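# Topology and contacts: notes
What follows is the residue order along each chain.
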Amino acid sequence: QVRLVESGGGLVQAGGSLRLSCAASGTIFSINGMHWFRQAPGKQREWVAGITSGGSTNYADSVKGRFTISRDNAKNTVYLQMNSLKPEDTAVYYCATDIDIRRYWGQGNQVTVSS
């Protein structure tokens, strides 16, 4: 059984920073892509950033230059460093990890950016 546990969300003023973490545990043979998604109230879930097993990264245009995704393979953990936060970044953030042949999702973590 694989489990993803997220941490690090919260309330921050515009211009501030937050760091999200997502740790995978359980029976894991290999972890491929690791991603962050977000879902704002009344909107569809959207992809935010992804990182391959080799460390290549990609970002949605809306967060490029402000967010940084990274991973620690020894800890089976993916991070999202969010800087220069804007009110429109307010959402529930979900990690998604491709483990073996399946995608697993974290429980979601609220990030609220006040203006």
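Please refer to the structure placed before this passage.
To start, this report covers the structure provided alongside it. (Residues numbered from 1 in each chain as written. Predicted model: local features only at pLDDT ≥ 70, side-chain atom pairs only at ≥ 80, totals over all residues. Heavy atoms only, no water.)

Our focus in this paragraph is the overall build of the chain. In terms of regular secondary structure, the chain is built from zero helices and eleven strands. Counting from the amino terminus, the chain carries its helices and strands in the arrangement β-β-β-β-β-β-β-β-β-β-β. A compact globule built from 115 residues would reach a C-alpha radius of gyration of about 13 Å, and the chain, at 14 Å, matches this within 12%. Residue burial in the chain is summarised as follows: out of 115 residues, 44% are buried. For the chain, the centre of its 12 positive side-chain charges and the centre of its 8 negative side-chain charges are spaced 2 Å apart. (Helix = DSSP H or I, 4+ residues; strand = E, 2+ residues; numbered from the N terminus. Rg over C-alpha atoms; globule rule 2.2 N^0.38 Å. Buried < 20%, exposed > 50% of the residue type's maximum accessible area, 1.4 Å probe, protein only. Lys, Arg positive; Asp, Glu negative; His and termini not counted. Charge placed at Lys NZ, Arg CZ, Asp CG, Glu CD.)

Moving on, we come to the pattern of salt bridges. Oppositely charged side chains may form a pair once their charged atoms are brought near each other. Under the definition given, this model contains five salt bridges. The partner of Glu-46 in a salt bridge is Arg-38, with the nearest N and O atoms 2.6 Å apart. Given the relative accessible area of 35%, Glu-46 is considered partly exposed. Note on Arg-38: relative accessible area 5%, which makes it buried. Note that Arg-38 and Asp-89 form a salt bridge whose closest N and O atoms lie 3.0 Å from each other. Of this pair, Arg-38 sits in strand β4 (residues 31-39) while Asp-89 sits in the loop between β8 (77-82) and β9 (91-99), and the two are 51 residues apart along the sequence. In this pair, the class of Arg-38 matches that of Asp-89, namely buried. Linked by salt bridges that have partners in common, Arg-38, Glu-46, Arg-66 and Asp-89 make up one network. (Salt bridge = Lys/Arg side-chain N within 4 Å of Asp/Glu carboxyl O.)

With a phi close to 50°, Asn-76 is a non-glycine residue in the positive phi region. Mapped onto the secondary structure, Asn-76 falls in the loop between β7 (67-72) and β8.

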